[in-house]
Structures are given as structure tokens and as C-alpha cells.
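This is what each chain is made of:
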Protein chains: 2
Amino acid sequence: MTDTQQGLDQQGYKWVGTRSIRPDGLDKVTGRAQFSADLMLPGMLEGAVARSPHAHARIVAIDTTAAEAMPGIRAVITGADFPDLTESDASADVVYRSLNVIARDRVLYHGHPVAAVAATSRELANAAAAAIEVTYEVLPHVLNVEQAMADDAPVLHDGLEGGGNVAKKLTLDRGDVEIGFAEADVVVEREFTTKPVHQGYIEPHATVAHTDESGRSDIWVSSQGHFSIRAQTAAVLARDVSRFKVTPAEIGGGFGGKTTIYLEPLAVVLSGKAGRPVRLVMGRGDVFRATGPTSGTSMRIKMGVTKEGRIVACDGTLALEAGAFPGGPLNGAVMTALACYDIPNFVVEGFDVVCNKPKVHAYRAPGAPMAAFAVESVIDELAAELDMDPIDLRLANAAVEGTQAYYGPPFARIGFVETLEAIRDSEHYQSPLGPNQGRGVGCGFWFNMGGNSSVTVSIDDAGGVSVLTGSPDIGGSRASAALVAAEELGVDLEEIRITVADTESVGFNDVTGGSRTAHATSAVLAIACEQLRADLCGRAAATWSCEPDEVEWVDGRAQRTDGSAPPLSVRDIAENAARTGGPISITATENTRGAGPGFSTQVVDVEVDPETGVVSVIRATTAQDAGRALHPSYVEGQMQGGVAQGIGWALNEEYVHNDDGTLDNPSFLDYRMPVASDLPMIETIVVEVPNPKHPYGVRGVGETGIVPTLAAVGNAVGDAIDTRLHDLPLTPMRVLAASQP
Amino acid sequence: MTDTQQGLDQQGYKWVGTRSIRPDGLDKVTGRAQFSADLMLPGMLEGAVARSPHAHARIVAIDTTAAEAMPGIRAVITGADFPDLTESDASADVVYRSLNVIARDRVLYHGHPVAAVAATSRELANAAAAAIEVTYEVLPHVLNVEQAMADDAPVLHDGLEGGGNVAKKLTLDRGDVEIGFAEADVVVEREFTTKPVHQGYIEPHATVAHTDESGRSDIWVSSQGHFSIRAQTAAVLARDVSRFKVTPAEIGGGFGGKTTIYLEPLAVVLSGKAGRPVRLVMGRGDVFRATGPTSGTSMRIKMGVTKEGRIVACDGTLALEAGAFPGGPLNGAVMTALACYDIPNFVVEGFDVVCNKPKVHAYRAPGAPMAAFAVESVIDELAAELDMDPIDLRLANAAVEGTQAYYGPPFARIGFVETLEAIRDSEHYQSPLGPNQGRGVGCGFWFNMGGNSSVTVSIDDAGGVSVLTGSPDIGGSRASAALVAAEELGVDLEEIRITVADTESVGFNDVTGGSRTAHATSAVLAIACEQLRADLCGRAAATWSCEPDEVEWVDGRAQRTDGSAPPLSVRDIAENAARTGGPISITATENTRGAGPGFSTQVVDVEVDPETGVVSVIRATTAQDAGRALHPSYVEGQMQGGVAQGIGWALNEEYVHNDDGTLDNPSFLDYRMPVASDLPMIETIVVEVPNPKHPYGVRGVGETGIVPTLAAVGNAVGDAIDTRLHDLPLTPMRVLAASQP
């Protein structure tokens, strides 16, 4: 990559929009970056977790005697060491989270924690965990939406809101679908299924906790939000957040999956019992068995269109697996399903359904890719039926500024049409296809969040700028914050240092998720820098013995309006800080709003091997509205990453459960994620339709890019083999079976 | 200790003035506190320093070949690896500091670093350091003021300001001493000497540094000021401070001695060369040979008094050893010498004199105890000549509010007279003495500093308060800051957490020295909390949908002036922060002024064993004006610590050098500091004359308490044996010789 903008408009910015070297790069390539599993503390113990071998069972008894008697064992804990929150005023979410951290009377999935130990070595800990004797009474299980919603299904939790295993229902509707379908010239109705897929982050979960004699705990953890880890850990332990300090480690991938707690409360309680720090590290098998994949789904979409290409009605059902506890991505699925379009009549009904698999958790635009897979597949069929170009059909129905969003308020300025046009006009979309090849288009939407952010900016006496944020950097937020700080203060980028600080050292920050962090951090940083510039001007005025209003900030320097003195740079002013008011340091906080809806359109070409059914993605182009690309290479990386993950989800990834409910493929050998050789270089078109609610126009970019991909790949395969498949993943077996006459 | 105030007036405060449990106590008694030598990093190397065996020598050649060829050696450095600052625009102080860190062409004292190595183990590092071959040309040396000021003395540095080995002269004068002495009825003139004594902190110096490929360095260090360590390290390496991040470790004592650099630049350069983190740890021998003790002195005081007890003239000379480089505590000695008194005519001349011993460094009220030893001994003799009570003579001449201070401006409100009266009226001062016992009084003054401080205060959603400071806690500044934060915000003390943050995480803070930290931190914290209360009231107004001016802060809660809603506590408001403006976090900074002069009066009883000359301190009472004792136990501890160190200095401590200039007693076995069994329980009287320039009236307290002790002990011994001794320490040998007729 070079410093040129590849078509992006830098609009007079010096730093924003450049492809600067990432500030975390050196530490990562040299191996110096510290992940939580790297932390060593004096006296630290190693822990291990004993997990359920059953998908569903009653815990009759747990005998820890043998484990406790083993050499080097310093603590053994079970659910009995945790507060029972069922009678407390804790929310249902907290109660479920607590039960997911460690089982009490029942285990609800293969891998559910039942006990944990801390010992002087990992080998001893593993041996002791294996020596814990749990007596189970095995119960019948359900593994997916169909089984869980069957009339005679065993019910996992009493009293769920939706009845049986249905934890929640959510319906969005507008207009009258019957009237709508009556206006339609073509109606298509299809059913779809998708499988649970894992976020697949490289770094397994790990944590170190140290609980002191007063009951305060230090936690070190790689997560997407250490303030959130603090809050969740405190909640399940029924303590105040003030009793915890959480220090972020470098993070090796999250994609939504590192926004919840698994090991942290176990380590805290083990440490409290042992009186020493305790480290817990998951293996890959633990990650697959017991951390959140996203939902498997069962969906139905019926859509009607006039012969002129106006979508007039949609009727859909989206049933999503929640896993062992309520709380799948129901909102994300239902509320995004039709968000790209302006449809007068619709009813979309969704179900959050529990089953005996690990509790699902957020995965990049949670819920949206599956819903888009169903909707965009049907739209593609409608376009084919109408003999319309699939992009033209979408353009004819696209949401624009002022459209009342499917999920509610009218859209402010958005860039969906621009992404459609970018793909339509791309060389890729115009290029010819060869034999056994197919092309598919897909579109997607994601809300993007704002939320709470805090920054502290301090300037040292050499003019170096230190920025403290409390948001872990999972996709370049340090790089983008550095660019914004350099831009705002008129100093060289290399003078900016960004630190992701612990929960004691910076104001509260919401989780790095919802594609909020670059947006919110840069917005709050701009506020801080505005205050700083005023402070710097005031100090310049003190230096010049003039009034503050006789000083203005021009080109990164304080300038005396009457020109009677040479301008003062940040460094000039900082060197003199002790004489003009003391150290230069400012904190700004805000609950930011208006993160700016994000849209993406993608085109994917595949080639299907007629002998084996293997699908190769031979070309993929993604266009996305980033609002303003603070750091284009990171934006492109996010867009490429979304497509890469979407391709894996569409073609190969799935959880394979045995009939007894145990997971059969808990490793990267058997769970097939795409590797570099599976993918083409993914082409990117960064669209920049500024978000009017952000000082630089930034929108979230991290999640939108995965939303269209399942559909685009599915549509491409359908085009290649001339037969549409409605069940993911599109494994060679399925494709071969479908493509054979 | 109990919660009662022992006579201190808490003036309606809830927390300020209480004897709370120290926040660092648990970590220290459990061994969890991390000092710099405790830090372990992956791949960390151990370093060792090769030091000069000579007091003065030219370095002819350094051959590192053998050392570099040894197993496990990763880096060897000499002075040639450091920038030569002599031709730069660096100040003389920086140049001298650089030369003290590592010698270039000459070594100037026994222990002066000449090279350093980093290896995979400490044993290998020590072996390699020993294998470095240095060819020296030994030069003549001078070991004290007398030798260094002799006409034929070898000169250590060319071109010193005062000529020869005199680096600097400083004279304070007022009135006309000839006229003054003419008015005097009694004149006493005496000469005094004191020896270099070490601060004697428990924890030897240690540091870990990691320099990355871009030339940025992380430093972990136990110090009295990591911002200052950053600045000094940057200066001697001719880099910007922005290139360094310094993280404070817990500190095991400093007393002024940990305000400078020794190992840090060596570790930085070794790490840069080795590409790995490097730890350097001093042994006790290194500490004695190569870190700063305070000056040995040679002093003369002539003082005249009328028969009514009015001191009318003083003429004094104070010559202080600087050690190998200029910069002893000349100012501290000259400018405090007569500060307790209102004397119309004086001339006090001081000399900063270099010699071939380790560069002296700050030690608790640097320079003042020696000057007070001389002045207070003479005053005691004058009182005896006049047959006046020594306290009455001092009261007759005491500085009070409005007195033009000896060193300059008129005093604001001060409490010297109150300390004299407290001792005069004490049961101790009235108690009878037994045979071979004597009683001595001494007084002392210290300026106390203000300086730059920054704090960041954040409130979590359980109402817990996190305070970030950049000032290492050497004497209870965390405890006192916690009390102030609790007082200011109306929250329970246990909700306050104080963190000493690294140089990236908080605004600039001056060194913890000059007794400035409790004063400055609490002053800036009060500013931050005032802003916070305004913020909290604004948020309460937002909650109540009323105007901010309809809310006031009463008793730790936001209260609606019309009483229409129940008041909101910090926790109530914090829980709702996201809806009232986002996270609650505020930074305040200030270059504080007016730390408030401190005075102390002490009375010491000794018993002299007539057979051995051993002096036992049998009772000691110290009265000191603390302005406001934020945490009385800590104030008392500081007062007791000062007296304990003063007793050691007066009776036993001294550096013993051989004729060849090497240090003969570099260990606690041969350098005799007082241990618990050498001391009585030191009684304290905390005087509280509020400092008008601080919101709580706080004055610095850490240093003043050592100033009177040398004199009080000396006067007591003089009283006991009826012979005055003028040379410290008052060893059994000297006392026995003097007390035998």
C-alpha cells in the first residue's frame, strides 16, 4: 500500500485518510505484544476447568475429594462457590450468564463447566480436573430449532416468554401484506437453514485473576471490552464493579466473541480460595465446545414484486438458535432483514430458541448475515423471474435518505445506492464468466453503534501526545485515533502514542463492538482536542501577556491575531507549561449517538468443479460506505475480513454434533475455516458518504462487510450450477448432489 | 493507633484527619507489592555494571573483547555508546549527570561505572563485567572539603565557577555584621564538621528497560518520580521524553536518594543493543559506593547576642562536599541556616566543593540538618552563657508571620513559635534527668515545595472513585489523597482507589520530593473534585429535568433546592451516567504554589555510658507544624522517621574511606544505621497552624522533622558530658575521649 488514496478524497486533511504504519505492528511482528496467556506473576497458579461430557444432564453429585488430595492442588471450586442469583434482583440475563459460567444443578451442553481447579502446574491442574467425579443423570436433548420447537421437545428452561423452548418472539410489520401480495406480479417463497459457525479468532480465551484478602480482584484479560468484562464478572459474583480492576491484554481476534465472560469469574474465585494469582487458558477444543458461535437458523421468506420491479410485500419467519440459554441475535436478524429496502408491506417474525448447544454469542453483525442470506437469495430469484439485472432490482427498491427505515426512524444521509452503483459500474461486474462459473450479488445493512467513550489526552514537554482510551483495539482503533489526534493538534503522527488503559486509568468505555469504536473514539477525541486547543491558545496568550481572544489556532499552531509574535507550536507551548498553568492534560467523555448506518454491496464469482462439487471463489468485490475512511487500509482490511469470514460460513464452516449431542469437530482440522489459499485477493471499493453526525463523517465499518457475503456466494453458486441451494454450508457433497441432474 | 485524634482538631471533617488503614498495606504485608526488581518479562536479560576500583584515574583503554566472547553475553556497553554532550547545548547539570551514569575519559570515585553488560543470567553478567579489562592511569585524589580546597589540590573539573574545586559560592547577607557584633554582649564562634551519610533506603536501585526497534523505550523503575526519571534519562541520551514510557514500581524508601538516575540509561542502551528487555539491580555495595549520600561538611558559625537574649549578628561559612560532580545541597544549607530566626545582621557564605567521592544527592531537607547542627549548637552555647532557657532564647528571636524571611520574602502564617511552646510545655521538657544524662533542644526549618501535579478522577457505575496520580507514594500520599477524595465527594473511603500511574496514563507530575506531594496532590484533587461536583449537579439536574442552578451539593449528595426530589448520591448519579452525558471522568492539573514553610522543635534526652562513651537516646519528642494533618499517623510517622535518621547521623553513621580513596564500609554491617533497639519510642506533637494557601491548610511534613535532630542530640550529649563536641558522628570513641578529663 502507498500513501496515495486510491480514489479516496482526503479533503485537505494531512493525516486523516492516510495509510500510516500501525502503531501495534512492531510489537506484534516481534512477538513482544502481550496477550493474556503471556502474563506471568510471582506465585501464579495454573487452572483447569472440568466440563460436562453430556449435552443435557442433571448433576446428582460432585465429589472433589480425590482432586483436592492431589499434589500441588491449591483450590477446587464448583457451582456451590458462586452466589445463587435466582432469588436475587439480578436480571435474567445475569442469572443465565452466571449459570453459563459454571453449572449448578444441570448441564445444558457438551462442554458446560462444572468445576475448576488451581494447581502449581497446568499438568497437575488438568489431572485434578479429570479426577473430579461428577454423577450425572442424563436427560433428553434438543440440538436445533426444529427439534427444540417440536411439540414433545424437552424444555430447557421453565417459563420462557415464548413458551416451550422459545425464549422470545419479535415481530416487525408495516402496511398490509395481504394487500401487498395481491399487488405482486411475482411471488417467491423459500425456506433456508444455516449452521452455527464460530468467530474463529486465533487467540483462545485466557485470563489471569488475583483476588486479595480484602476481596478486591485484579483481572488481566484479552477481550473486546474490559469495562464490560468487569461489569459482567461483578454481576455474576454479586459484587460491585468497584471491587475489580481489569487490565486489557493485546487481543488476538474477537469478532464479537470476546464481549462476554467465561473464565474470568472462575479465575477470580479460584484465586480468592487459593490466595494466589490464577491463570486459566482455554485450548481450541474448549473454545469450540463452550464459547459462543453464532446461531444456526431456520428461516422462511416470501416476497412479492410487481413486474416493474417494485417489491410490494414480504412475509418472513426467522428462527434462531440461542444455544443453552436465551439471548441469540434475534434483534439483529429481524431488524436488519429488510433494512436495505423501502417495502410498503411486510411482516417479519422472529424466534429466539434455546437448545442443548453452547450459548451463542455475538459474531460480526449478529443475526444479519443469515437474514440477508434468506432475503437476498429470494430477491435474486425474483430478479431472475423478472429477467431484471439483480442490481437494478435492488436499486429500484433501495433505501435512501429520508426513507423510513424498515426498523423505525427515517434514514439520515446514507450510501446504499452508492454501493450498488459502485458494484454495477465496476470492471468486475462487467467482466465475462467462464464455464462452470457463476456470479452472485448480495447486499447488507448494519446499524453501527455509538455509545460511551472516554479519552484522556496529555502532552509532554517535548510536545509528544499521549492518548488514553479504554477501548481495546480489534480493528485499527489505535491507528485511527492517532491519525485524528495528529490532525486535530497539528503535530506529527509519530508524536502520538495511544494506550488502551485499564479500568482504573481512564473513564468508562463501552465494549469494542457494534462497529462503534473508531467512530466514538474519534468523536470524543475531537471534543478533547477542541478543549486542548483552547487550553493551548490560553497558554500562548499567557506567554504573550495578551487576552485569550487575541489568539487563534491556525495550522496546528497558536497564532497571535495581530501577528506581533511568531506562532507557537504544541511543543513550544508544552515546554513552557509549568509557567502557564501546569501540566497539559484533558479528559473528555461522551455517550456518542448517530454512528451512521452502514451498507455494503458485493459481487462474488465462483467456479464449481463438476466432478467434486468443490466451490472455488475466483473473484470477489465488496463496496461499502465507510462514511469517512480514517485509515483506508484498515477499512479495506475490515471489508476483506468480512468477506473472507462470509465465504467460510457459506461454503464450509459448521458445527457437527453427534446424535448424543456431543460436538464432533472441535478443532481447526475438522472445522474448516478458509485459509489464504482458499481465497482470491478480495477487491474493495470504499464508498464515502459522510455520516452527518460525526465530525469526520465516520461510520462504523467492522460488521457491515460480512452481511451480504453468504447471499452473494449462494447466488453465485446458484448461477453456476443453475440450481438454487437454500441450506448452508454449500459443501461439495451438497453442491455435487444439486448439480447432478 | 485508634481513630481518636490525640488532640488534633478534625474541624468537622468526616475523613480528613482520621487514621485510616493504608491502601498499600495489604499488598506490602502479603509480599504482593511489586518493586522494580520483581518484574519479569519474557526474554528478559540480566545486567551487571563494571565499576572503577580507583578514586581518581584516567581511563587509558577499555578492552571488552573477552567479555563479549563469554557465553550468554548479549550486549556490552561503555561510555562510547552514549552521546557526548559536552559540545551540545545540554546544561552543565545534564553533562555531569551523563558522566556520572557512565565514565568517559576519567573515573572520579570508587564505584564510578565504566561499562555494563547484559547476559542471559546474572551470574554470566557478573562474570562478564569482571572480565572487562580497563587500563587506568591513577591520578591523585581529594576526599573532603579541606583536601579539595587546599591550594595544591588536584582539580577535578576545569573551569568551575568558584575556582579550583569550588563549583559554586552562595552568600546571603543582611544588615551589617560588624555593627551587629558590636552590639552583642556575648559572641560565640565554633567550627563543625559532619560526615557523608546515606539515605539508607531498604530497597536498592533496580530497573528494567526495554528498547524497541524504533528506539522507543519502556522503563520500569522504583523511584520518587518516574516523570523525572523519564526527563533525566531522555536528557543524557539526547532524546525526547516522548521516546520513553516510564512505569512506576512500588518504592522501598527514597528519602531524596531516588530522584535521580543511575541504572536507567544503562539498561536502555543495553536493551537497545541486545534487542531484549534488560534488568539491572544494585547490590548494597553498589548503593553505598555509587549512589548519592548527602554531603560531608565543614562549617563555621559566629553569633552574637545581647544580654537580653536578642541575636544581633551571625557570620557563617558552610562548605559542603558535592562529591565527584558539582551540585551538592548548597542552597538548602545556606538558605535554611538562620530561617527560624529574625536576625538583623548576618552574612552566611557557602561553598559547593567537588571531591573524589560519589556524587552527593538529596537527602531529606538537603543541606538543612548540617546547617542547623552548627547554628543550633551555637545558640545553645549562647543560651548557656546567658543562663537562659534555650527555648526562651529561641522564642525571643523566632520568626513569626510577617517576619521577613532570612532567605527573602515575608512569612505568611507559620507555626514556629507554636512548636517551641509545645516542647516547652511538654511533660518531657519538664521531666527530671538522671546521672550521666543530658537534654538538648534543636529547631529546624524547611521550605516545602509546591510544583506540578495532575490527577484524573473517574467514577464507575457503582459509585466507586478511581484517582490517578503520577506521584509515587513514599510517605502516605495514597492514603492522604484517598481521604481528601472521600471528603470532597462525600463517599466512603473504601470506595476510593488511588493508582500511581505511568507517564502515558496521567498528566505530568513533578518528583515526589521537597515534601510537596501530599500538599500538591490534595490541592489539585480538590480542584478536580470541585469540577466533579459541578458535573454531578448538572447530571442530577438532567435527571430531574431542571436547571443546573436549581441543584446544589450538600453533604455529599446533589440536592434539588426546592426539595421536590430525594437527594442523589454519587452512586445514584453514576448509575445513570450514560443518560446524563456519558462517563464521569475529569482531569485537573496545576503548578501549585505556596506549599507552606515547615518548622520543628525537638527535645532529646541521652544517657552517656561513662565507661564506653556509648550514647543512648532515652527519650525524644518532636513537635512540628503540619498545617493540617490529613492522616495523623502518617504525619507522626514522618516526624518519627526524621528523628530516627537524625539520631543515626548524629551518633553513628559515616562513610569511612581509605587513604587510597576506596570506601571501607559499603554494607549495613559496617555502616551503622540505628535499628529499633537503638531508639526509644519517639514522641510526637503535631502542631496544626493551617497553611493559608492550601484548601485544607496542608504543609509539607516529610523533611522538616530531620532538621533539628543532629543539633538536639549534640546539645544533649554536650549537656550530659559537660563538654561540647563539634564533629559528627558522636562515636563512643570521641565521646569517651571528650568526657575524660
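Source: prediction; values computed, not measured.

Engineer: How should the overall build of chain A be read in this particular structure?
Structural biologist: Looking only at helices and strands, chain A has 20 helices and 26 strands in total. Here chain A has a C-alpha radius of gyration of 27 Å; the compact-globule value for 741 residues is 27 Å, and the two agree. Seen through its principal axes, chain A has C-alpha atoms that stretch 85 × 75 × 45 Å. Expressed as a percentage of its 741 residues, the buried residues of chain A come to 65%. Total accessible area on chain A stands at roughly 25400 Å², and carbon and sulfur atoms take up 49% of it. Side-chain charges of chain A comprise 56 positive and 96 negative groups, with the mean position of each set lying 4 Å from the other.

Engineer: Hey, could you run me through the environment of B:Arg557 in this one?
Structural biologist: All names here are of chain B. Position of arginine 557 relative to the elements: it lies in strand β21 (residues 557-560). Along the primary structure arginine 557 and serine 569 are separated by twelve residues, whereas in three dimensions their C-alpha atoms are 4.6 Å apart. In contact with arginine 557, other than residues within four places in its own chain, are Glu552, Pro567, Leu568 and Ser569.

Engineer: Looking at this structure, how should I read a negative patch on the surface?
Structural biologist: On the surface, A:Asp659, A:Asp660, A:Asp664 and A:Asp670 cluster together into a patch of negative charge. By the secondary structure assignment, A:Asp670 is in the loop between α18 (632-651) and β26 (683-687).

Engineer: Before we go on, may I ask you to explain the packing of helix α7 (residues 226-236) of chain B against helix α8 (residues 264-274) of chain B in this structure?
Structural biologist: The description of two packed helices rests on the angle between their axes and on the distance between the axes. All names here are of chain B. Following both chains from N to C, one finds α7 and α8 inclined at 60°, their axes separated by 9 Å at the closest point. Between α7 and α8, the angle is such that the two are oblique. The two elements α7 and α8 cross, and the hand of that crossing is right-handed. Of α8, the residues touching α7 (which contributes Ile229, Thr233 and Val236) are Glu264, Pro265 and Val268. Residue composition of the contact of α7 with α8, grouped by class: four nonpolar, one polar and one charged.

Engineer: Would you mind showing me how to read the relation of the copies chain A and chain B here?
Structural biologist: Mapping one chain copy onto the other needs a rotation about an axis and a shift along that axis. When chain A is fitted to chain B, the residual RMSD is 0.0 Å, and the transformation amounts to a turn of 180° plus an axial shift of 0.0 Å. These values place the two chain copies in the arrangement generated by a two-fold rotation axis. Looking at the rotation axis and the C-alpha trace of chain A, the residue lying nearest is A:Thr587, at 2.7 Å. A symmetric contact is evident, with 100% of the interface residues of chain A recurring at the interface of chain B.

Engineer: I tried to follow the sheet that holds strand β6 (residues 133-138) of chain A on my own but got confused; where do I start?
Structural biologist: The strands making up a sheet associate through hydrogen bonds between their backbones, and the pairing can be parallel or antiparallel. Residue and element names in this part refer to chain A. With antiparallel pairing, the three strands of this open sheet are ordered in space as β4-β2-β6. Sheet topology places β4 (106-107) and β6 at the edges, where each strand pairs with a single neighbour. Here strand β2 (residues 57-63) runs beside β6; their pairing, made up of six bridges, is antiparallel. Its bridge partner being in β6, aspartate 63 is matched across the sheet by glutamate 133.

Engineer: What should I look at first to understand the pattern of salt bridges in this one?
Structural biologist: It is possible for side chains bearing opposite charge to pair when their charged atoms get close. Residues and elements named next belong to chain A. The tally for this structure, following the rule as stated, stands at 81 salt bridges over all chains. Here lysine 195 ties to glutamate 654 by a salt bridge, and the two come within 3.0 Å at their closest N and O atoms. Of the two residues, lysine 195 sits in the loop between β8 (186-194) and β9 (206-211) while glutamate 654 sits in the loop between α18 and β26, which places them 459 residues apart along the sequence. Here glutamate 654 falls in the buried class, since its relative accessible area comes to 18%. With a shortest N-O distance of 3.9 Å, glutamate 550 and arginine 560 are connected by a salt bridge. Here glutamate 550 is found in the loop between α16 (517-544) and β20 (551-554), whereas its partner arginine 560 is found in strand β21 (residues 557-560), with ten residues between them in sequence. For arginine 560, a relative accessible area of 15% corresponds to the buried category. Residues joined by salt bridges that share partners form a network here, namely Arg22, Asp24, Lys28, Glu250, Asp473 and Arg478.

Engineer: For this particular structure, what's the right way to read the side chain of B:Thr233?
Structural biologist: Residue and element names in this part refer to chain B. You can see threonine 233 is positioned in helix α7. Within the structure, the side chain of threonine 233 is placed 2.7 Å from the backbone oxygen of isoleucine 229, a separation counted as a polar contact. If we skip the residues at most four places from it in the chain, threonine 233 touches Ile219, Phe244, Ile261, Glu264, Pro265 and Val268.

Engineer: Whenever I open this one, the confidence of the model for chain A confuses me. Can you help?
Structural biologist: Interpretation of the predicted coordinates at a detailed level should be avoided for regions scoring low in pLDDT. Residues and elements named next belong to chain A. For chain A, mean pLDDT is 96; residues scoring 70 or higher make up 99% of the total. Note that pLDDT drops below 50 for residues 1-7; the model gives that stretch 15 contacts with residues more than four away or on any other chain. If you check the scores for this complex, the pTM reads 0.95 and the ipTM reads 0.93.

Engineer: What should I look at first to understand the pairing of strand β3 (residues 73-78) of chain A in this one?
Structural biologist: Side chains on a regular strand alternate between the two faces of the sheet. Residue and element names in this part refer to chain A. Among the six residues that make up β3, five are buried, leaving the element largely enclosed by the rest of the structure. The sheet contact formed by β3 and strand β5 (residues 113-119) spans five bridges and is antiparallel. If you follow threonine 78 over to β5, its bridge partner there is alanine 115.

Engineer: What am I meant to see in unusual backbone geometry here?
Structural biologist: A negative phi angle is the norm for most residues apart from glycine, just as the trans form is the norm for most peptide bonds. Residues A:Leu728 and A:Pro729 are joined by a peptide bond in cis, for which omega reads -5°. Its place among the elements puts A:Pro729 in the loop between α19 (709-721) and α20 (732-739). Of note in the backbone geometry, A:Ser545 takes a positive phi value of approximately 50° without being a glycine. Inspection of the secondary structure puts A:Ser545 in the loop between α16 and β20. For B:Asn448, which is not glycine, the phi torsion reads 70° and is therefore positive.

About the cut-offs
- Residues numbered from 1 in each chain as written.
- Chains lettered and ligands numbered in written order.
- Predicted model: local features only at pLDDT ≥ 70, side-chain atom pairs only at ≥ 80, totals over all residues.
- Heavy atoms only, no water.
- Helix = DSSP H or I, 4+ residues; strand = E, 2+ residues; numbered from the N terminus.
- Rg over C-alpha atoms; globule rule 2.2 N^0.38 Å.
- Buried < 20%, exposed > 50% of the residue type's maximum accessible area, 1.4 Å probe, protein only.
- Areas by Shrake-Rupley, 256 points an atom, 1.4 Å probe, with all protein chains shown as cover.
- Lys, Arg positive; Asp, Glu negative; His and termini not counted.
- Charge placed at Lys NZ, Arg CZ, Asp CG, Glu CD.
- Contact = heavy atoms within 4.5 Å.
- Patch = residues over 30% accessible without salt bridge, like charges linked within 9 Å, V, L, I, M, F, W, Y side chains within 5 Å.
- Salt bridge = Lys/Arg side-chain N within 4 Å of Asp/Glu carboxyl O.
- Axes fitted to C-alpha atoms, helices over the stretch in contact; angles between N-to-C directions.
- Parallel < 35°, antiparallel > 145°, perpendicular 65-115°, else oblique.
- Left-handed = near helix turned anticlockwise from the far one by under 90°.
- Nonpolar A, V, L, I, M, F, W, Y, C, P; charged D, E, K, R; others polar.
- Least-squares fit on C-alpha atoms with pLDDT ≥ 70 in both.
- Pairing = 2+ DSSP bridges.
- Polar contact = N/O pair within 3.5 Å; in protein donor to acceptor, adjacent residues only side chain to side chain.
- pLDDT = per-residue confidence, 0-100.

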